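This is what each chain is made of:
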Amino acid sequence: QPRSVAVIVGSLRKDSVSRKVAKALAELTPGLTFDFIEIGDLPHYDQDIETDSPPAAWTRFRKEVGAHDAVLFVTPEYNRSVPGALKNAIDVGSRPYGSSAWDGKPGAVISVSPGAIGGFGANHHLRQALVFLNVPLLSSEAYIGNAFSLFDENGRLVNEGTAEFLKTFGAAFAAWIEKILAEPAAARA
Ligand code: FNR
């Protein structure tokens, strides 16, 4: 049975180029299954409503992330950092204290930008939170710059170099997931 990956896209807009990159990676990585987990309906994290019956969207999100073997983040950069909606999703998944959905799940980060820097700032702010949350991260870096030029009007990836890159990245992620999940759970605590 192939390993399952929860894909979290940091953009909420319909025509998101980050989502296009995530879809392209999924198509280019045959050994894994990818499910897109939505974050747009998650209420802002608020400890006052972390009760026995928290918002249904929080519970839905935590269950969906928890049901997957690994997590992939594909995000744009907002003001040299992580979009607020994505940071909120990370915070929601991290609670209640002691039952984080992220804990020990192998992960990977891809940042996407129409500019030349490829979302470096977002990529590393995201890594900072994920390291704290005990997500063993693939060390391979993926900064997808000039992203608007990579897709045709139907959202198909038309840049061969990027396709090759994503193929290699996807294969490395699949190998990373196997390596991490082969370790006893205690080694990931
Ligand atoms: C941006 N954008 C942007 N791009 C970038 O490379 N570095 C940045 O710091 C920012 N900052 C930023 C802030 C805000 C509030 C917005 C709305 C946008 C541009 C951004 O990369 C562009 O809108 C992308 O198209 C967003 O990704 P999606 O939605 O296409 O996936």
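By the naming in an unreviewed UniProt entry, the protein chain goes by NADPH-dependent FMN reductase and is assigned to Phenylobacterium zucineum.

A. View of the environment of Leu32. Tracing the backbone shows Leu32 in strand E2 (residues 32–36). Considering only alpha carbons, one finds Leu32 and Val5, 27 residues apart in sequence, at a separation of 7.0 Å. In this view, Leu32 contacts Pro2, Arg3, Val5 and Ala174; residues no more than four positions away in its chain are not counted.

B. Spotlight on the nonpolar core. Counting residues in each nonpolar core, the largest one holds 47 residues, and the members touching the most others are Val7, Ile8, Val21, Val71, Leu72, Val74 and Ile110. Breaking this core down by element, the ones donating at least two residues are strand E1 (3–9), helix H1 (17–28), helix H2 (56–66), strand E3 (70–76), helix H3 (84–93), strand E4 (107–112), helix H4 (120–132) and helix H5 (160–182). What Val7 contacts, discounting residues up to four positions off in sequence, is Ala22, Phe34, Asp35, Phe36, Ile37, Leu72 and Val74.

C. Quick look at unusual backbone geometry. Omega for the peptide link from Arg95 to Pro96 comes to -5°, which places this bond in the cis form. When you line up the elements, Pro96 lands in the loop between H3 and E4. Its identity is not glycine, yet Asn79 carries a phi of approximately 50°, on the positive side. Within the secondary structure layout, Asn79 lies in the loop between E3 and H3. Its 9 C-beta neighbours within 10 Å are what place Asn79 among the exposed residues. Backbone geometry at Asn146 places phi at a positive 45°, although glycine is not the residue there. The topology assignment puts Asn146 in the loop between strand E5 (143–144) and H5. Exposure remark for Asn146: the 13 C-beta atoms within 10 Å place this residue in the partly exposed category.

D. A look at the packing of H2 against H3. With their axes 9 Å apart at the nearest point, H2 and H3 run at an angle of 80° to one another. When the interaxial angle is binned, H2 and H3 end up roughly perpendicular. Between H2 and H3, the residues in contact are Trp58, Phe61, Arg62 and Val65 and Ala89, Val92 and Gly93, respectively. Considered class by class, the residues forming the contact of H2 with H3 number 5 nonpolar, 1 polar and 1 charged.

E. Representation of the packing of H1 against H5 within the structure. One can describe the packing of H1 onto H5 by two numbers: an axis separation of 9 Å at closest approach and a directional angle of 65°. With respect to H5, the axis of H1 lies roughly perpendicular. For the element pair H1 and H5, the recorded crossing hand is right-handed. Taking contact as the criterion, the partners of Ala24, Leu25 and Leu28 in H1 are, on H5, Ala163, Leu166, Lys167, Phe169 and Gly170. Taken together, the residues of the contact of H1 with H5 break down into 6 nonpolar, 1 polar and 1 charged.

F. Quick look at the UniProt feature "domain: NADPH-dependent FMN reductase-like" (unreviewed entry) in the protein chain. Per the UniProt record, "domain: NADPH-dependent FMN reductase-like" (unreviewed entry) is annotated on residues 5–147. Spanning residues 5–147, this segment combines 32% helix with 17% strand, and its end C-alpha atoms are found 23 Å apart.

Reading the values: rules and limits
Residues numbered from 1 in each chain as written. Predicted model: local features only at pLDDT ≥ 70, side-chain atom pairs only at ≥ 80, totals over all residues. Helix = DSSP H or I, 4+ residues; strand = E, 2+ residues; numbered from the N terminus. Contact = placed C-beta atoms within 7 Å. Core = buried A, V, L, I, M, F, W, Y, C linked by C-beta atoms within 7 Å. Buried ≥ 20, exposed ≤ 12 C-beta atoms within 10 Å, placed from the backbone. Axes fitted to C-alpha atoms, helices over the stretch in contact; angles between N-to-C directions. Parallel < 35°, antiparallel > 145°, perpendicular 65-115°, else oblique. Nonpolar A, V, L, I, M, F, W, Y, C, P; charged D, E, K, R; others polar. Left-handed = near helix turned anticlockwise from the far one by under 90°. UniProt positions renumbered as here; feature names shortened; annotations may be inferred.

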